[in-house]
Amino acid sequence: DALEEIRRVLKPRGVACLGVWGNDDQHRMLDGIYGPRFFANRSEATWRGLIEHIGDVVEYETWTADTEDFAYHWAVVARNL
């Protein structure tokens with residue numbers, strides 16, 4: 001729903017910079033400071049597929065965390081017409 005809203009509010013040819021933590025596709029509940037919450041990791045292939053719905057992926061980079069359990073995915077997406 002969040003990515004659909006980004007697509008909706010971006011003007012044609014508008015650009016969005018998006019970043020998320022991810023690794024293999026996993027979904028689980030985490031117990032944090034504010035109580036349990038749903039946490040979903042996305043693989044690079046899954047994340048790319050989701051953001052391609054917004055538009056053209058202009059730039060995409062991935063950084064691996066020190067633990068190598070997670071990677072940071074950063075993308076620039078330009079809304080298509």
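Residues numbered from 1 in each chain as written. Predicted model: local features only at pLDDT ≥ 70, side-chain atom pairs only at ≥ 80, totals over all residues. Heavy atoms only, no water.

1. Observations regarding the packing of aromatic side chains
Overall, the coordinates contain two aromatic pairs when judged by the stated rule. An angle of 70° between the planes, with centres 5.3 Å apart, marks the rings of W21 and Y72 as edge-to-face. With W21 in strand β1 (residues 15-22) and Y72 in strand β5 (residues 71-79), this pair connects stretches of sequence that are 51 residues apart. Pairing W63 with Y72 gives two aromatic rings, centres 6.0 Å apart and planes at 35°, and the pair type is tilted. Look at W63 and you get partly exposed, because its relative accessible area is 42%. The partly exposed category is assigned to Y72, whose relative accessible area is 27%. Taken together, W21, W63 and Y72 form an aromatic cluster joined through their ring pairs. (Phe/Tyr/Trp six-rings, centres within 6.5 Å; stacked < 30°, edge-to-face > 60°. Helix = DSSP H or I, 4+ residues; strand = E, 2+ residues; numbered from the N terminus. Buried < 20%, exposed > 50% of the residue type's maximum accessible area, 1.4 Å probe, protein only.)

2. Section: the nonpolar core
If you look at soluble globular proteins, the nonpolar side chains tend to sit buried side by side. Among the nonpolar cores identified, the biggest contains 10 residues, and these are L3, L10, A16, L18, W47, I51, I54, Y60, A75 and V77. Within the residue set of this core, elements represented by two or more residues are β1, α2 (44-51) and β5. Sequence-distant contacts of A75, defined by excluding residues within four places in its chain, comprise A16, C17, L18, I51, E59 and Y60. (Core = buried A, V, L, I, M, F, W, Y, C linked by side-chain atoms within 4.5 Å. Contact = heavy atoms within 4.5 Å.)

3. With respect to the sheet that holds strand β4 (residues 55-64)
Taken together, three strands build an open sheet; the order of strands is β1-β5-β4 and the sheet is antiparallel. The open sheet terminates on both sides in strands that have one partner only, identified here as β1 and β4. Averaged over all adjacent pairs, the angle separating strand axes in this sheet is 15°, with direction ignored. Pairing of β1 with β5 involves eight bridges; the strand directions are antiparallel. Bridged to A16 within β5 is V77. Along the sheet face, α2 touches β1, β4 and β5 and points at about 155° away from the line of β4. (Pairing = 2+ DSSP bridges. Axes fitted to C-alpha atoms, helices over the stretch in contact; angles between N-to-C directions.)

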